[in-house]
Amino acid sequence: MAPTKETAGTTPPPLDVPAYWEQAKVELMKRDRIMKKLIPQFGDLHLVGHGDPFTTLARSVVGQQVTTKAADAAWNKLLLACPKINPAQVIKAGAEQLSACGLSKRKTEYILDLADHFKAKRVHANQWAEMDDEAVIAELVQIRGIGRWTAEMFLIFNLLRPNVLPLDDPGLIQGISQNYFSGEPVSRSDAREVSANWEPWRTVATWYLWRSLDPVPVE
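Residues numbered from 1 in each chain as written. Predicted model: local features only at pLDDT ≥ 70, side-chain atom pairs only at ≥ 80, totals over all residues. Heavy atoms only, no water.

Under the annotation held in an unreviewed UniProt entry, the chain carries the name DNA-3-methyladenine glycosylase II and is attributed to Massilia rubra. Listed under Catalytic activity (unreviewed entry) in UniProt, the entry text for the chain is "Hydrolysis of alkylated DNA, releasing 3-methyladenine, 3-methylguanine, 7-methylguanine and 7-methyladenine." (UniProt positions renumbered as here; feature names shortened; annotations may be inferred.)

Written as structure tokens, this is what we have:
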């Protein structure tokens, strides 16, 4: 799961609260008995976006299939090698220097391919805000190492899309299992059925289910 942060409970919500967040909370609590219990437990916590598309995607690739601790260690080394984390800097660093940051051969190739897509403008990052969710996903999955789950995390944490349901996310499935099915196994069909009640705020419901598993967001 991508990082989030806590806001101060005694001050007005800051500008980085997604514009739809409060409305979504109200509607979800009206419609869904689990959300009615869950949402108030987390006060002023909310989804916080990551501003730079390239950095967001690079961080996602670094974090694939490793522990948070290992991902953070590799990312911090990458920041030393490429302080600005932009496509030109990553390409200049090259495979050898990226591998020295603790990235596998495959992840090194993925990061370089990502940088190449951005530098050559084979992705249209400046248009993503105006494109619909599936169109953005279709463009992102053309990059090596980026599958649908990574693309959906990008929609949530970079573009702040309100209605993303990442069915490949273990945290979402576990959250539905624990909160709606008393810990029983949950199928994708079960998850879709539960989430039908969340439309058009499936991102928000997903985020609260993540919090139910990991109450303290990390920076």
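Let us now look at the state of the cysteines. Tallied over the entire structure, the rule returns 0 disulfides. Cysteine cysteine 101 remains unbridged, with the sulfur of cysteine 82 as its closest cysteine sulfur at 6.7 Å. Taking relative accessible area as the criterion, cysteine 101 reaches 4% and is therefore assigned buried. (Disulfide = S-S within 2.5 Å. Buried < 20%, exposed > 50% of the residue type's maximum accessible area, 1.4 Å probe, protein only.)

Before going further, it helps to examine the packing of helix α5 (residues 87-99) against helix α6 (residues 105-119). Any two packed helices are characterised by the angle at which their axes cross and by the distance between the axes. Relative orientation of the contacting elements α5 and α6 amounts to 165°, with a least axis distance of 9 Å. Overall, the two elements α5 and α6 adopt an arrangement that is roughly antiparallel. α5 and α6 meet at a crossing whose hand is left-handed. On the side of α5, the interface is formed by Pro87, Val90, Ile91, Ala95, Leu98 and Ser99, while α6 contributes Thr108, Ile111, Leu112, Ala115, Asp116, Phe118 and Lys119. (Axes fitted to C-alpha atoms, helices over the stretch in contact; angles between N-to-C directions. Helix = DSSP H or I, 4+ residues; strand = E, 2+ residues; numbered from the N terminus. Parallel < 35°, antiparallel > 145°, perpendicular 65-115°, else oblique. Left-handed = near helix turned anticlockwise from the far one by under 90°. Contact = heavy atoms within 4.5 Å.)

Further remarks concern the side chain of aspartate 169. By the secondary structure assignment, aspartate 169 is in the loop between α8 (148-157) and α9 (170-180). If we skip the residues at most four places from it in the chain, aspartate 169 touches Trp149, Met153 and Trp210.

Interhelical geometry of helix α1 (residues 21-31) versus helix α11 (residues 202-213) gives an angle of 80° and a closest axis separation of 9 Å. If you check the angle between α1 and α11, you find them roughly perpendicular. For the pair α1 and α11, the contacting residues are Trp21, Ala24, Lys25 and Leu28 in the first and Val204, Ala205, Trp207 and Tyr208 in the second.

Time to look at the nonpolar core. Membership of the largest hydrophobic core comes to 65 residues, with the highest contact counts inside it found for Met35, Trp128, Leu140, Ile176, Trp198 and Tyr208. Aside from chain neighbours lying at most four places away, what touches leucine 140 is Leu57, Trp128, Ile146, Ala151 and Phe154. (Core = buried A, V, L, I, M, F, W, Y, C linked by side-chain atoms within 4.5 Å.)

What the rule picks out here adds up to 12 salt bridges. In this structure, the salt-bridge partner of arginine 31 is glutamate 27, at a minimum N-O distance of 2.9 Å. In this pair, arginine 31 and glutamate 27 are both assigned in helix α1, 4 residues apart and thus about one turn of the helix distant. Arginine 31 sits in the partly exposed class, given a relative accessible area of 34%. With relative accessibility at 22%, the residue glutamate 27 sits in the partly exposed group. Taking the shortest distance from any N to any O, the salt bridge between arginine 122 and aspartate 116 comes out at 2.6 Å. Ionic contacts of the salt-bridge type, sharing partners, join the residues Lys105, Glu109 and Arg144 into one network. (Salt bridge = Lys/Arg side-chain N within 4 Å of Asp/Glu carboxyl O.)

Before going further, it helps to examine the packing of aromatic side chains. Geometry of an aromatic ring pair is reported as the spacing of the ring centres plus the angle between the planes. The final tally for this structure, using the stated rule, is 11 aromatic pairs. On the basis of an interplanar angle of 75° and a centroid distance of 5.3 Å, the ring pair of phenylalanine 54 and phenylalanine 118 is categorised as edge-to-face. Taken together, the residues phenylalanine 54 in helix α3 (residues 53-62) and phenylalanine 118 in helix α6 connect sequence positions 64 residues apart. Residue classification places phenylalanine 54 among the buried residues on the basis of a relative accessible area of 3%. On the accessibility criterion, phenylalanine 118 (15% relative accessible area) is buried. Here the aromatic rings of tryptophan 207 and tyrosine 208 are separated by 5.0 Å at their centres, their planes lie at 85°, and the arrangement is edge-to-face. As far as burial versus exposure is concerned, tryptophan 207 and tyrosine 208 are alike and both buried. One aromatic cluster is present, built from ring pairs that chain together Tyr20, Trp21, Phe42, Trp201, Trp207 and Tyr208. The aromatic ring of tryptophan 207 is capped on one face by arginine 211, whose charged end is 5.1 Å from the ring centroid. (Phe/Tyr/Trp six-rings, centres within 6.5 Å; stacked < 30°, edge-to-face > 60°. Lys NZ or Arg CZ within 6 Å of the ring centre and 35° of its normal.)

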